[in-house]
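# Understanding the architecture of this molecule
Residues per chain, in single letters:
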Amino acid sequence: MTRPVKAAVFGTGSWGTAFGMVLADAGCDVTLWGRRPEVADAINTTRTNPDYFPDVTLPANLRATSDPVEAAAGADFTVLAIPSQTLRGNLAAWAPRLAPGTVLVSLMKGIELGTCERMSEVIQEVAGVSADRVAVVTGPNLAKEIVARMPAASVVACRDEAVARRLQAACHTPYFRPYTNTDVVGCELGGAVKNVIGLAVGIADGMGLGDNAKGSLITRGLAETTRLGLAMGADPLTFSGLAGLGDLVATCSSSLSRNHTFGFNLGKGMTLEETIAVTRQTAEGVKSCRSVLDLARRHGVDMPITETVVGIVHEGKPPMVALKELMSRSAKPERR
Ligand SMILES: NC(=O)c1ccc[n+]([C@@H]2O[C@H](COP(=O)([O-])OP(=O)(O)OC[C@H]3O[C@@H](n4cnc5c(N)ncnc54)[C@H](O)[C@@H]3O)[C@@H](O)[C@H]2O)c1
Ligand SMILES: O=P(O)(O)OC[C@H](O)CO
């Protein structure tokens, strides 16, 4: 009899816990790593994650530890679910202890500030592994719905399709349906930029701009994501898939989205400080909007919605002024 697949999940936040549950439901032996021992202890003793999902009973084949060496030992898949901007520092500490041959899996949807690297690039650099050993899971996967075992599809991306298929099998459950894709660049960009567009739509919703504005922002947001993707060598078809349109629609239409909610509060008139104060979880677009814009400038790509979000979130531009500027840009053909 073959042994169960072993997975280590670094991060006991919203998505780390939810994806750990998916892996466990799919039959893997799962160890979650959390930096706070009391959270790991609570998961082991109460079978819940009291900080994030107090009402969800976690499967018996999922346990937790605050010891990264214990979590990493023997893992076929080492899954990373921490805020994007903390990845480099954390992974540098964990890298020497990772299981030989393990596949590193990014659940993160951000672009590193300063370097403008995608998370899989940071992982390759810091862990010293080839792109064939790094996979990405992305798509319309709001954690709160996943822990309720509500149906969702997802994408498992890796340059090596055989690795993607192994991970696909390891996380396929009756409620979680992963597809494979070898376009890692497109999948990661889709996940990171949808957070920025989610902020824009949230701001528009908070301002009460209506559903036409929402449809317009989603569509033009997808257009600017695709432009950036093309400039970076992504397959444009990826953006009409789950990692692009799918995630964009889920994020922009759900009150469960932290990015949408963050934007909504700003659009309602809260200050940035007030909005940060009421946001308990990671809204990646808040930091990554600046690295996405930086990336766009490096590639000579026009991203007006991203630029608008940076203006509102980081430069104190009033949303109404930003709206007027966006609407009065020079007229142009829809496709160019
Ligand atoms: N929540 C979702 O629905 C969802 C779905 C798909 C992808 N994601 C992505 O997953 C990633 C993680 O998001 P999340 O929702 O789990 O966030 P979260 O805020 O719920 O949890 C983040 C976890 O990281 C830990 N953490 C925070 N700072 C840290 C640091 N400096 N060092 C080590 N650990 C630290 C926190 O304690 C927490 O356990 C993000 O990139 C997000 O975009 C989230
Ligand atoms: O809550 P958000 O805005 O980080 O979105 C969560 C997921 O990325 C949706 O797929």
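What counts, and where the lines are drawn
- Residues numbered from 1 in each chain as written.
- Chains lettered and ligands numbered in written order.
- Predicted model: local features only at pLDDT ≥ 70, side-chain atom pairs only at ≥ 80, totals over all residues.
- Helix = DSSP H or I, 4+ residues; strand = E, 2+ residues; numbered from the N terminus.
- Buried ≥ 20, exposed ≤ 12 C-beta atoms within 10 Å, placed from the backbone.
- Contact = placed C-beta atoms within 7 Å.
- Near = placed C-beta within 6 Å.
- Domains from an automatic or database assignment.
- Arc of directions from axis to C-beta.
- Pairing = 2+ DSSP bridges.
- Axes fitted to C-alpha atoms, helices over the stretch in contact; angles between N-to-C directions.
- UniProt positions renumbered as here; feature names shortened; annotations may be inferred.
- Nonpolar A, V, L, I, M, F, W, Y, C, P; charged D, E, K, R; others polar.

## Notes on the overall build of the chain
- Per the secondary structure count, the chain includes 15 helices and 8 strands.
- The burial tally for the chain puts 51% of its 336 residues in the buried class.
- In the chain, once contacts between residues fewer than 6 apart in sequence are set aside, the share between residues at least 24 apart is 71%.

## With respect to the site of ligand 2
- Around ligand 2 sit 13 residues in total, of which Asn141, Asp247, Ser257, Arg258 and Asn259 are the nearest.
- Both domain 1 (6–182) and domain 2 (189–327) contribute no fewer than three residues apiece to the shell around ligand 2.

## Thoughts on helix 4 (residues 87–94)
- Turning to helix 4, its buried residues are Leu87, Leu91 and Trp94. Projected onto a plane normal to the axis of helix 4, the buried residues spread over an arc of 60° and lie on a single side. Projecting away from the buried face of helix 4 at angles above 90 degrees are the exposed residues Gly89 and Ala93.
- Its buried side turned inward, helix 4 meets strand 1 (6–10), helix 3 (68–72), strand 4 (77–80) and helix 5 (119–127).

## Focus on the sheet that holds strand 3 (residues 62–65)
- What the 8 strands build is an open sheet, ordered 3-2-1-4-5-6-7-8; its pairing is mixed. Edge positions in the open sheet fall to strand 3 and strand 8 (176–181), since each of these has one partner strand only. Strand after strand, the sheet turns through a mean of 25° between neighbouring axes, direction not considered.
- Strand direction decides the pairing type here: strand 6 (residues 134–138) and strand 7 (residues 152–158), joined by 4 bridges, are antiparallel. In the strand pairing of strand 7, Ala135 is matched with Cys158.
- Packed onto the sheet, helix 2 (residues 37–46) meets strand 2 (29–33) and strand 3 and runs at close to 155° relative to strand 3.
- Contacting strand 6, strand 7 and strand 8, helix 10 (residues 242–253) runs over the sheet at an angle of about 145° to strand 7.

## Regarding the UniProt feature "active site" (unreviewed entry) in the chain
- Within the UniProt annotation, "active site" (unreviewed entry) is assigned to Lys194.
- Its place among the elements puts Lys194 in helix 8 (residues 184–207).
- In this structure Lys194 touches Asp247, Leu248 and Thr251, once residues within four positions along its chain are discounted.

## Comments concerning the site of ligand 1
- In the neighbourhood of ligand 1, 24 residues make up the surrounding shell, with Gly13, Ser14, Trp15, Met108 and Ala143 lying closest.
- Looking at the shell around ligand 1 element by element, the count peaks at 3 residues for helix 1 (residues 14–25).
- Across the shell around ligand 1, the residue classes break down as 8 nonpolar, 13 polar and 3 charged.
- Built from parts of two domains, the shell around ligand 1 gets at least three residues from each of domain 1 (6–182) and domain 2 (189–327).

## Focus on the environment of Gly34
- Within the secondary structure layout, Gly34 lies in the loop between strand 2 and helix 2.
- Remark: the alpha-carbon pair of Gly34 and Leu107, spanning 73 residues in sequence, is separated by 15 Å.
- Residue contacts for Gly34: discarding those within four places in its chain leaves Thr12, Val39, Ala40, Ala64 and Ser66.

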